[in-house]
Amino acid sequence: MDLVLTLVFSIVMLFFMIYPAMRITEWIDARYPIPEGYYKPVMLTMVVLLSLAIGLFLRFA
């Protein structure tokens, strides 16, 4: 049940974590140049990780 609630909170947060993920990816790209083909996968990974982190926080806080 904990897993389901965490995923529900995380799915809702996917939309709201797009902007912070874009900013973090831009910051990473400024410090360590990211090849063109890896820019979107890095950003999508950041969106998922941030959403899961917020979902875990909402579930257990």
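Values in this document were obtained by computation on a predicted structure and should not be read as measured data. (Residues numbered from 1 in each chain as written. Predicted model: local features only at pLDDT ≥ 70, side-chain atom pairs only at ≥ 80, totals over all residues. Heavy atoms only, no water.)

Along the backbone of the protein chain there are three helices and zero strands. Across the protein chain, helices and strands are ordered from the amino to the carboxyl terminus as α-α-α. Relative to the globule expectation of 10 Å for 61 residues, the C-alpha radius of gyration of the protein chain, 13 Å, shows a markedly less compact shape. Projected onto its principal axes, the C-alpha coordinates of the protein chain cover approximately 40 × 20 × 15 Å. Out of the 61 residues in the protein chain, the part that is buried amounts to 20%. Taking as baseline every contact in the protein chain between residues at least 6 positions apart, the subset at least 24 positions apart corresponds to 70%. Approximately 4800 Å² of the protein chain is accessible, and the part contributed by carbon and sulfur atoms is 76%. (Helix = DSSP H or I, 4+ residues; strand = E, 2+ residues; numbered from the N terminus. Rg over C-alpha atoms; globule rule 2.2 N^0.38 Å. Buried < 20%, exposed > 50% of the residue type's maximum accessible area, 1.4 Å probe, protein only. Contact = heavy atoms within 4.5 Å. Areas by Shrake-Rupley, 256 points an atom, 1.4 Å probe, with all protein chains shown as cover.)

A word on the environment of Ser10. Mapped onto the elements, Ser10 comes out in helix α1 (residues 2–16). Taking the relative accessible area as the measure of exposure, Ser10 reaches 4% and is therefore buried. Residues Ser10 and Lys40 lie 30 residues apart in sequence; the distance between their C-alpha atoms is 20 Å. Once you skip the residues sitting within four places of it in the chain, Ser10 turns out to touch Ser51, Leu52 and Gly55.

Given a rise of 1.5 Å per residue, 15 residues ought to cover 21 Å, and the 22 Å separating the end C-alpha atoms of α1 matches this to within 8%. Here α1 has its buried residues at Thr6, Ser10 and Met13. Looking at the buried positions of α1, the neighbouring elements they touch are α3 (39–60). (Expected span 1.5 Å × (residues − 1).)

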